[in-house]
Amino acid sequence: MRRGSSKKGSTNSTTTSTNSSAMDLFRSASGKAATKELERIDQLFYKYSNESSGMIDPEGIEYLCSDLEVEHTDVRILMLAWKMQAEKQGYFTLEEWRKGLKALHADAIVKLKKVLPELENEVRRPSNYVDFYSYAFRYCLTEEKQKSIDIESICELLELVLGSQFPQQVDLYIQYLKTQIDYKVINMDQWMGFYRFCNEISFPDFSNYDEELAWPLILDNFVDWVKSK
């Protein structure tokens, strides 16, 4: 009995050792593949980056857009910046580039071009879109300690990020912003308030809009402006 027991233990030990070796090989292969992918992502970065700044600058982004066959004003470029969590408008650092392209599994321009529609679908999910909409505002804060954006830029940004979802509301709101004289800039609270407004308020009658609720004053004025037309 002892000899039989010893043999069984030896078999289990051999099986465990074999499984462990297989896992080690798998980890090694996965690690090498990830390293190769990162190398290709880095090579792609250096294709577009400025040698002196060590970043992809506006000129590099235009070059990237040309290779992707999209305009630099295409909302998907802003979505790509969101995926990277890029901090400075018009610039991508190596770390931001790595973060975005690793998440998209895009280590070549042809792959990046192919995943752009998938990225757009990801951003369009309601759970992600609020974050993207908020990010779009922060991304346009180009000066240190800047907390608001001028009306002209806000109108362009609204058209870019919200125009396809709520075309009538955005068009009317832009008309209002361009004709009113009370506001020179828009802050984050007002920016986010309009997104909530589009999602919650009946349009075009505004029947469920209640000025007593915590809406930014600019939206009260907007509703009054529309009703007076």
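How each quantity is defined
- Residues numbered from 1 in each chain as written.
- Predicted model: local features only at pLDDT ≥ 70, side-chain atom pairs only at ≥ 80, totals over all residues.
- Heavy atoms only, no water.
- 1 Å grid on protein atoms, 1.4 Å probe; cavity = no way out; pocket = protein on both sides within 12 Å on 5 of 7 lines; lining within 4 Å.
- Points joined across faces, edges and corners; volume = space filled by probe spheres on them.
- Helix = DSSP H or I, 4+ residues; strand = E, 2+ residues; numbered from the N terminus.
- Patch = residues over 30% accessible without salt bridge, like charges linked within 9 Å, V, L, I, M, F, W, Y side chains within 5 Å.
- Areas by Shrake-Rupley, 256 points an atom, 1.4 Å probe, with all protein chains shown as cover.
- Salt bridge = Lys/Arg side-chain N within 4 Å of Asp/Glu carboxyl O.
- Lys, Arg positive; Asp, Glu negative; His and termini not counted.
- Charge placed at Lys NZ, Arg CZ, Asp CG, Glu CD.
- Core = buried A, V, L, I, M, F, W, Y, C linked by side-chain atoms within 4.5 Å.
- Buried < 20%, exposed > 50% of the residue type's maximum accessible area, 1.4 Å probe, protein only.
- Contact = heavy atoms within 4.5 Å.
- Phe/Tyr/Trp six-rings, centres within 6.5 Å; stacked < 30°, edge-to-face > 60°.
- Lys NZ or Arg CZ within 6 Å of the ring centre and 35° of its normal.
- Polar contact = N/O pair within 3.5 Å; in protein donor to acceptor, adjacent residues only side chain to side chain.

Break down the layout of surface pockets for me, citing the residues and quoting the values.
One number sums up the size of the largest pocket: a volume of about 610 Å³. Contributing to the lining of the largest pocket are 21 residues, with His72, Thr73, Gln89, Tyr139 and Leu160 lying nearest its centre. Among the elements that line the lining of the largest pocket, the one with the most residues is helix H7 (residues 151-162), at four residues.

Quick one: what's the story with a negative patch on the surface, residue by residue and with numbers?
There is a patch of like negative charges on the surface, built from Asp210, Glu211, Glu212 and Asp224. Tracing the backbone shows Glu211 in the loop between helix H9 (188-200) and helix H10 (217-228).

Lay out the nonpolar core in plain terms, naming residues and giving numbers.
Membership of the largest hydrophobic core comes to 69 residues, with the highest contact counts inside it found for Trp97, Leu158 and Leu162. It is helix H3 (residues 75-84) that provides the largest number of residues to this core, a total of eight residues. Look past the residues within four positions of Leu158 in its chain and what remains in contact with it is Tyr133, Gly163, Val170, Tyr173, Ile174, Leu177, Trp191 and Phe194.

So what about the packing of aromatic side chains? Which residues, and what values?
By the definition in use, this model includes 26 aromatic pairs. Seen from their ring centres, Phe197 and Tyr209 are 5.7 Å apart, and the 65 degrees between their planes marks the pair as edge-to-face. With a gap of 12 residues between them, Phe197 in helix H9 and Tyr209 in the loop between H9 and H10 connect regions that are remote in the sequence. Accessibility assignment for this pair places Phe197 and Tyr209 in one class, buried. With 6.4 Å between their ring centres and 25 degrees between their planes, Phe222 and Trp225 make a pair best called stacked. Note that Phe222 and Trp225 are positioned in helix H10 at a spacing of three residues, about one turn of the helix. The buried category is assigned to Phe222, whose relative accessible area is 0%. Taken together, the aromatic side chains of Tyr173, Tyr176, Phe194, Phe197, Phe203, Phe206, Tyr209, Trp215, Phe222 and Trp225 make up a single cluster linked through ring pairs. Over the face of the ring belonging to Tyr91 we find Lys88, whose NZ or CZ atom lies 4.4 Å from the ring centre.

Lay out the side chain of Asp107 in plain terms, naming residues and giving numbers.
By secondary structure assignment, the location of Asp107 is in the loop between helix H4 (94-104) and helix H5 (109-124). Within polar-contact distance, the side chain of Asp107 engages the side chain of Arg40 at 2.7 Å. Here Lys111 takes part through its side chain, which lies 2.9 Å from a polar atom of the side chain of Asp107. When near neighbours in sequence (up to four residues on either side) are disregarded, Asp107 contacts Glu37, Arg40, Ile41 and Leu44.

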